[in-house]
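# Commentary on secondary and tertiary structure
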Amino acid sequence: MRFPLAALCLTPMLALCACSSQVSTAAFCKDVNAASVKFAAIQDQATKPMVQGAAQAMARLAAEAPSQIRPAMKTEAAAYKQWAKTGSNAPLTRNSFTMADDQLSTWLHLNCKGH
């Protein structure tokens, strides 16, 4: 099972601004890092409040994501929203989620170094 928020905290990267709906790359990287740290325990203890919080964080990240990865962020946000709604993490096992997660991981690795 893949838990992208938790996995992101293992990657040395990331940085935020509270400006428009699309923030700078550095700001987005910082937000991703903060969310990955905050929800790192979701792998081991996926409580309902934690999943709901992760779903809200993913929705916020999808709204501010750079255009190159916004569709992938929206895919992940939708999966987390469904998980929060149903209590089943099955949406995180779908091919669409895996493909989005791969795209995001690659983008973050290439664009968030040093932020």
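Residues numbered from 1 in each chain as written. Predicted model: local features only at pLDDT ≥ 70, side-chain atom pairs only at ≥ 80, totals over all residues. Heavy atoms only, no water.

### Focus on the packing of aromatic side chains
Evaluated as defined, the whole model comprises three aromatic pairs. Ring plane angle 50° and centroid distance 6.3 Å describe the contact between Tyr80 and Phe97, whose orientation is recorded as tilted. Residue Tyr80 is located in helix α4 (residues 70–86), and its partner Phe97 is located in helix α5 (residues 95–111); the two are separated by 17 residues in the primary sequence. The pair Tyr80 / Phe97 is uniform in exposure class, with both members buried. Through a chain of ring-to-ring contacts, three or more aromatic side chains come together here, namely Tyr80, Trp83 and Phe97. (Phe/Tyr/Trp six-rings, centres within 6.5 Å; stacked < 30°, edge-to-face > 60°. Helix = DSSP H or I, 4+ residues; strand = E, 2+ residues; numbered from the N terminus. Buried < 20%, exposed > 50% of the residue type's maximum accessible area, 1.4 Å probe, protein only.)

### Describing the nonpolar core
In terms of nonpolar packing, the biggest core is built from 32 residues, with Phe28, Ile42, Leu61, Met73, Tyr80 and Trp107 touching the most fellow members. Counting residues per element, the ones that place at least two in this core are α2 (25–38), α3 (48–64), α4 and α5. Residue contributions to this core peak at eight residues, all from α3. (Core = buried A, V, L, I, M, F, W, Y, C linked by side-chain atoms within 4.5 Å.)

### Considering the environment of Glu76
Considering the arrangement of structural elements, one finds Glu76 in helix α4. As for Glu76 and Phe97, which are separated by 21 residues in sequence, their C-alpha atoms are 6.0 Å apart. Within the structure, the side chain of Glu76 is placed 3.3 Å from the backbone nitrogen of Asp101, a separation counted as a polar contact. (Polar contact = N/O pair within 3.5 Å; in protein donor to acceptor, adjacent residues only side chain to side chain.)

### Some remarks on the packing of α2 against α5
At a minimum axis distance of 11 Å, the contact between α2 and α5 shows a crossing angle of 120°. Between α2 and α5, the crossing angle belongs to the class labelled oblique. Note that α2 runs across α5; the crossing there is left-handed. Between α2 and α5, the residues in contact are Thr25, Phe28, Cys29 and Val32 and Trp107, Leu108 and Asn111, respectively. For the contact of α2 with α5, the per-class residue count stands at five nonpolar, two polar and no charged. (Axes fitted to C-alpha atoms, helices over the stretch in contact; angles between N-to-C directions. Parallel < 35°, antiparallel > 145°, perpendicular 65-115°, else oblique. Left-handed = near helix turned anticlockwise from the far one by under 90°. Contact = heavy atoms within 4.5 Å. Nonpolar A, V, L, I, M, F, W, Y, C, P; charged D, E, K, R; others polar.)

### Regarding the packing of α3 against α4
Two quantities define a packed helix pair, namely the angle between the helix axes and the distance between the axes. Packing of α3 against α4 brings their axes to within 8 Å, and their N-to-C directions diverge by 160°. In this view, α3 runs roughly antiparallel relative to α4, as classed from their interaxial angle. In this structure, the crossing between α3 and α4 has a hand that is left-handed. Contacts between α3 and α4 involve Val51, Gln52, Ala54, Ala55, Met58, Ala59, Leu61, Ala62 and Ala63 from the first element and Arg70, Met73, Lys74, Glu76, Ala77, Tyr80, Lys81, Trp83 and Ala84 from the second. Of the residues assigned to the contact of α3 with α4, the class counts are 13 nonpolar, one polar and four charged.

### Side note on the state of the cysteines
Two cysteines form a disulfide when their sulfur atoms are joined by a covalent bond. Inspection of every chain in the model, using the stated rule, returns one disulfide. Each sulfur in the disulfide pair Cys29 and Cys112 lies 1.8 Å from the other. Disulfide Cys29-Cys112: torsion about the S-S bond near -75°, hence left-handed. Here the residue Cys29 occupies a position in helix α2, and Cys112 occupies one in the segment after α5, the gap between them amounting to 83 residues. The pair formed by Cys29 and Cys112 is uniform in burial state, with each residue classed as buried. (Disulfide = S-S within 2.5 Å.)

In short, geometric facts, not functional conclusions.
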